[in-house]
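Fold and geometry: a report
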Amino acid sequence: MMNSDRRVKEGGKELFWADQKTDEIVSRKQYRYLEKDIEPFSEYVVKTSASISGVLHIGRLSDTIRGESAVRALLDKGHKASLIWVAEDMDPLRKIPEGVPAEFSEHIGRPVTDIPDPWGCHKSYAEHHVEKYLKVLHEFVGVPMTRYSMMEEYRKGSFKPYIKKLLENLEAVIEIQNRYRDKNNPLRKGWAPWTPVCKNCGKIITPRVHDFTEEGRLPYTCSDYKFESTTAAGCGHEDEADPLRDEGKLMWKGEWAAQWALWNVCSEGAGKEYAVPNSAFFVNGELCERVLGYPMPVPIFYEHLMIDGKKMSASVGNVVYPTDWLEVAPAELLRFLYNKKLMKTRNFSWSELPKLYDEYDRTAAGYWSGRLEPTQKRLFEISQIGDVKPALGISFSMVAFLSKIFVDDASFIRSVERTGHFSSEVSDLVIDRLGKARLWAEKYGVGIPSLAEDSKGVRLSGDQSLFLCGLADFLEAGEHSEEEIQAEIYSLSKSIGLSTRDAFKAVYLTVLGEERGPRASTLIAALDRNWVVERFKYNYK
RNA sequence: GGGUCCGUAGCUCAGUCUGGCUAGAGUACCUGCCUUUUAAGCAGGCUGUCGCGGGUUCAAAUCCCGUCGGACCCGCCA
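Residues numbered from 1 in each chain as written. Chains lettered and ligands numbered in written order. Predicted model: local features only at pLDDT ≥ 70, side-chain atom pairs only at ≥ 80, totals over all residues. Heavy atoms only, no water.

To continue, consider the state of the cysteines. Per the stated rule, a full pass over the model turns up zero disulfides. Counting only cysteine sulfurs, Cys235 is the nearest neighbor of Cys198, a cysteine outside any disulfide, at a range of 3.7 Å. Judged by its relative accessible area of 2%, Cys198 falls in the buried class. Cys222 takes part in no disulfide bond, and the closest cysteine sulfur to it belongs to Cys235, at a distance of 3.6 Å. A relative accessible area of 2% means that Cys222 is categorised as buried. (Disulfide = S-S within 2.5 Å. Buried < 20%, exposed > 50% of the residue type's maximum accessible area, 1.4 Å probe, protein only.)

Now for helix α16 (residues 462-476). Over its 15 residues, α16 runs 21 Å from end to end, which matches the ideal 21 Å to within 8%, given 1.5 Å per residue. Considered for burial, the residues of α16 that qualify are Gln464, Ser465, Phe467, Leu468, Cys469, Gly470, Leu471, Ala472, Phe474 and Leu475. Those residues of α16 hidden inside the fold are in contact with α17 (482-496), α18 (500-512), α19 (520-526) and α20 (529-538). (Helix = DSSP H or I, 4+ residues; strand = E, 2+ residues; numbered from the N terminus. Expected span 1.5 Å × (residues − 1). Contact = heavy atoms within 4.5 Å.)

What follows covers the protein's contact with RNA strand B. Neighbouring residues of RNA strand B: 55 residues in total, closest Arg181, Lys355, Arg362, Thr419 and Gly517. Among the atoms of RNA strand B close to the protein, meaning within 4 Å, 61% are from sugar or phosphate groups. Note that a sugar or linking oxygen of RNA strand B is positioned 2.7 Å from one of the side-chain N or O atoms of Lys272. Here a sugar or linking oxygen of RNA strand B and a side-chain polar atom of Arg362 are 2.4 Å apart. Listed by contribution, the elements that provide at least two residues to the surface near RNA strand B are α11 (353-369), α12 (374-383), α13 (396-405), α14 (409-419), α17 and α18. Per-element accounting of the surface near RNA strand B gives the leading share, four residues, to α18. (Near = heavy atom within 4 Å. Polar contact = N/O pair within 3.5 Å; in protein donor to acceptor, adjacent residues only side chain to side chain.)

Any two packed helices are characterised by how steeply their axes cross, that is the angle between the axes, and by the distance between the axes. Axis separation between α14 and helix α15 (residues 427-443) bottoms out at 12 Å; the angle between their running directions is 120°. Between α14 and α15, the angle falls in the class oblique. The two elements α14 and α15 meet at a crossing, and its hand is right-handed. Where α14 approaches α15, its residues Asp409, Phe412, Ile413 and Val416 are matched on the opposing element by Val430, Ile431, Leu434 and Arg438. In terms of residue class, the contact of α14 with α15 is built from six nonpolar, no polar and two charged. (Axes fitted to C-alpha atoms, helices over the stretch in contact; angles between N-to-C directions. Parallel < 35°, antiparallel > 145°, perpendicular 65-115°, else oblique. Left-handed = near helix turned anticlockwise from the far one by under 90°. Nonpolar A, V, L, I, M, F, W, Y, C, P; charged D, E, K, R; others polar.)

So, on to the pattern of salt bridges. Opposite charge on two side chains permits pairing when their charged atoms draw close. Here the structure, examined in full by the defined rule, presents 33 salt bridges. Lys47 is the partner of Glu268 in a salt bridge, and the nearest nitrogen-oxygen pair spans 3.3 Å. Of this pair, Glu268 sits in strand β11 (residues 265-271) while Lys47 is found in strand β1 (residues 44-51), placing the two residues 221 residues apart along the sequence. Exposure remark for Glu268: the relative accessible area of 2% places this residue in the buried category. Residue Lys47 is classed as buried on the basis of its relative accessible area, which comes to 1%. A salt bridge links Glu286 to Arg179, with the shortest nitrogen-to-oxygen separation between them at 2.6 Å. Of the two residues, Glu286 sits in helix α8 (residues 280-291) while Arg179 sits in helix α6 (residues 170-180), which places them 107 residues apart along the sequence. Using a relative accessible area of 1% as the deciding quantity, one classes Glu286 as buried. Here the residues in one salt-bridge network are Asp19, Asp76, Lys77, Lys377, Arg378 and Glu381, joined through shared partners. (Salt bridge = Lys/Arg side-chain N within 4 Å of Asp/Glu carboxyl O.)

Moving on, we come to the packing of aromatic side chains. Evaluated as defined, the whole model comprises 26 aromatic pairs. Ring plane angle 85° and centroid distance 5.2 Å describe the contact between Tyr367 and Trp368, whose orientation is recorded as edge-to-face. A relative accessible area of 19% means that Tyr367 is categorised as buried. An aromatic cluster of three or more residues is present, and its members are Trp252, Trp256, Trp260, Tyr274, Phe281, Phe282 and Phe301. (Phe/Tyr/Trp six-rings, centres within 6.5 Å; stacked < 30°, edge-to-face > 60°.)

Take a look at the structure:
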């Protein structure tokens, strides 16, 4: 295209978001909240984490995929970089997900590591989910991830120095938090940034700390805690906890900061709800810098994915699991979707999957022909896992369509070979796409035409009927190759004086009820001979 | 109440930070071509108050102010 490189900005700043982040990460000099220089990083660590209490759906892959893209962008620029994945397995269970026995409601409020595996195959509820998460996560990620467990880190004592610092500077911690809070609703008296596991009932959300003793101990009372839709019942136990010895964890505003400082995190993703200056991201940022002395990471804020214009939720019943995705689309396609501009709401729906495929294919074609704008080029590259895959010339919707007509792979491949889009280089990809498209057409593909029930409603001209009848005679006369059938269509229509266009139309209307279709000879050859003959003759009057 | 983000063709999306040729692509739709790829290929066409209103500027989709619509944050949660 004549404008294709008009916008190529020479020597300008990077345009692809992950490259911009790289730029920001490596070039920043100062703390955000302090007049202090940032010490050079020996390695750029990007963090992604997952809460373990719920199920893993594709929305949850967003943070990891985007974090991984940031790592890739850093690596591509020659920096040392890595991705760490943190299981938030010290967090309390908040509600009972589908498939978990109702009796588990007694565990609400307990750290997920301390809850038994409802399916009995792992040591704990947390381990069961972590293993499931990681298994599927690796399908969507290209760089290695270092895995951490919050529970293990707490038990190892990794957070002790930070817990100590936060408690030593309790006044500052409270002052910072109150500055971000509603002025009429400051933190209650006796609040602490660390919460113990109740020594009696083992819950982590119910102990309510109400003091900080001279000896550095935290007295608490175990009382009910209300989540959005559930309640963790407190046992009423009263006790004292030692934040440097006893089981417990940091509160979220404080914990995030401690994680950053512990792992030297330079960047982390967060949903758009954190993009506001008074969000937990920035509260942690300020705590991290002022109290822990570590520069807050560069945030990667993003919009959440919508499904059919709605939030993904079990109650709406529109949850898309990674396995659902992989059945009908490659991981690259989800990466592609997530790596587009971050702050635009993206909507996904099963019926529009072909459009996403088309956009992806078009980008792939542009990539290989070298006429992509730099942003799009990077988008495509970073969406890949492993080598950059070749572009496919046959669209997903076309494959879906063909899959409904050619039920066996062989006739599908014959049909595709005709188009010239089936080379040995892409054969695996095309066949893979066939499997996905076929499944998609079955499960979600409304409006994909298949063989017409009958041809009663089809109105044809006399010449068209004559043509079909002649073609039927030809087919009945003996076995013919596709080439011969195709040749007959042309010669027969010519002898009748029918335009090839109307001849083809007659075939498609009769067989599919549509005006167009795949290569006619391949279509006819793939169908049952008697069925075709009968169908063609029915229209002869 | 205070604050953040989004709004570009019927649809999917680039372009906005860093102002600059007549605002783009694909798709859909329409027209034409095809004696052999008829949902393919080729050629052409149509589609926009860049949410709206002001301002700055030689020049605004782009910067500033306001406004409308949508999403979201300001907790004893994460």
